[in-house]
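# Examination of the molecular architecture
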Amino acid sequence: MSSDDAAFVPTRIRQADARHLAISWADGHESRYEVRALRLACRCAQCVDEWSGARTLDTATVADDVQPRNLSSVGRYAIRIDWSDGHDTGIYSFRRLRELDTAV
Ligand SMILES: [Zn+2]
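Report follows, based on the coordinates. Sequence order as written defines residue numbering, which begins from 1 separately in each chain. Local features in this predicted model are restricted to residues whose pLDDT is 70 or higher, and side-chain atom pairs enter the listing and the counts only when it is 80 or higher, whereas totals over whole chains, interfaces and linings include all residues. Side-chain metrics rest on all non-hydrogen atoms present in the structure, leaving aside hydrogens and water.

This part is about the packing of aromatic side chains. Here is the rule: rings of Phe, Tyr and Trp (six-membered ring for Trp) pair when centre to centre is within 6.5 Å. Planes less than 30 degrees apart are stacked, more than 60 are edge-to-face, and the remainder are tilted. Throughout the structure, instances matching the rule amount to 0 aromatic pairs. Only when the NZ of Lys or the CZ of Arg is both within 6 Å of the ring centre and within 35 degrees of the ring normal is a charge said to sit over the ring. Positioned above the aromatic ring of Phe-8, the side-chain terminus of Arg-95 is 3.9 Å from the ring centre.

This brings us to the environment of Ile-13. Helix numbering and strand numbering both begin at the N terminus, where a helix is a DSSP run of H or I of at least 4 residues and a strand a DSSP run of E of at least 2. Tracing the backbone shows Ile-13 in strand E1 (residues 10-17). Spatially, the C-alpha atoms of Ile-13 and Ala-54 are 28 Å apart, while their sequence positions differ by 41 residues. The contact rule is simple, with two residues in contact once any of their heavy atoms fall within 4.5 Å. If we skip the residues at most four places from it in the chain, Ile-13 touches Leu-21, Ala-22, Ile-23, Leu-71, Ile-79 and Phe-94.

Pairing geometry for E1 and strand E2 (residues 20-25), over 6 bridges, is antiparallel. Each bridged residue has a counterpart across the sheet, and for Gln-15 the counterpart in E2 is Leu-21. The antiparallel hairpin formed by E1 and E2 contains 2 residues in its connecting segment. Here the rule is simple: two strands pair whenever DSSP picks up at least two bridges between them.

Let us look at the pattern of salt bridges. Counted as salt bridges are all cases of a side-chain nitrogen of Lys or Arg within 4 Å of a carboxyl oxygen of Asp or Glu. Following the criterion strictly, the structure yields 7 salt bridges and no others. Measuring nitrogen to oxygen at the nearest pair gives 3.1 Å for the salt bridge that ties Arg-98 to Asp-27. Here Arg-98, found in helix H3 (residues 94-103), pairs with Asp-27, found in the loop between E2 and strand E3 (30-34); they are 71 residues apart in sequence, far enough to count as distant. Between Asp-64 and Arg-36 there is a salt bridge, with the nearest N and O atoms lying 3.7 Å from each other. With Asp-64 in the loop between helix H2 (35-40) and strand E4 (68-74) and Arg-36 in helix H2, this residue pair connects regions lying 28 residues apart in the sequence.

Definitions used throughout: a 1 Å grid over protein atoms alone; a cavity as a set of points that fits a 1.4 Å probe which cannot get out; a pocket as an open set with protein on both sides within 12 Å along at least five of seven lines; a lining residue as one with an atom within 4 Å of a point. Grid points are joined across faces, edges and corners, and a volume is the space filled by probe spheres set on the points. Its volume calculated, the largest pocket comes out at about 170 Å³. Forming the boundary of the largest pocket are Phe-8, Val-9, Pro-10, Arg-76, Tyr-77, Ser-93, Phe-94 and Arg-95. Considering only residue class, the lining of the largest pocket consists of 5 nonpolar, 1 polar and 2 charged. When residue character is reported, Ala, Val, Leu, Ile, Met, Phe, Trp, Tyr, Cys and Pro are called nonpolar, Asp, Glu, Lys and Arg charged, and the others, Gly included, polar.

So, about the side chain of Asp-82. Examined against the element boundaries, Asp-82 turns out to sit in strand E5 (residues 78-83). The class for Asp-82 is buried, based on a relative accessible area of 19%. When near neighbours in sequence (up to four residues on either side) are disregarded, Asp-82 contacts Gln-67, Pro-68, Arg-69, Asn-70, His-87 and Asp-88. The cut-offs for exposure are 20% and 50% of the maximum accessible area for each residue type, with area from a 1.4 Å probe on protein chains only; residues under the lower value are buried, those over the upper are exposed, and the others partly exposed.

The next subject is the sheet that holds E5. In any sheet, the strands associate via hydrogen bonds between backbone groups, in a parallel or an antiparallel arrangement. Taken in spatial order, the 3 strands make up an open sheet running E4-E5-E6, and their pairing is antiparallel. At either end of the open sheet lies a strand with only one pairing partner, and these are E4 and strand E6 (90-93). Across the sheet, the mean angle separating the axes of adjacent strands is 30 degrees when strand polarity is ignored. The pairing of E5 with E6 spans 4 bridges and is classified as antiparallel. Paired with Ala-78 across the two strands is Ser-93, which belongs to E6. Where helices are involved, their axes are fitted lines through C-alpha atoms of the stretch in contact, as for all axes, and angles between N-to-C directions lie from 0 to 180°.

Structure, rendered in C-alpha cells:
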C-alpha cells in the first residue's frame, strides 16, 4: 500500500459527540465532520441532479439536529449513512470524505 492509499483508508469511524463524526485514517490523520454538513454533502440521486451535479436537496428541509443513526460499510471503499431524517441512500466514499475534510 502506498502512502497515498493510506490517506483514503479509515482505521476508525466514530461519533465524536452529538454534532461531530470523527474518522482516523491509516496515514495518521484525524478528521472531524459536522454531521449536518455531511448530510448536506450527500450526493445521492435524491440530493443531487445526476446530470448537472447541482444540489437539488432543499437545505432548509434538513433539521439542525439531524444525526447519523447508523453507519454501514459499502464494500471496502465507502460507508452508507442512515440519517435521523429517514434519508438512507447516501453513500460516502472514503476518498470523498478525506477530500471533504481537507476542503474545510
Ligand atoms: Zn442523498
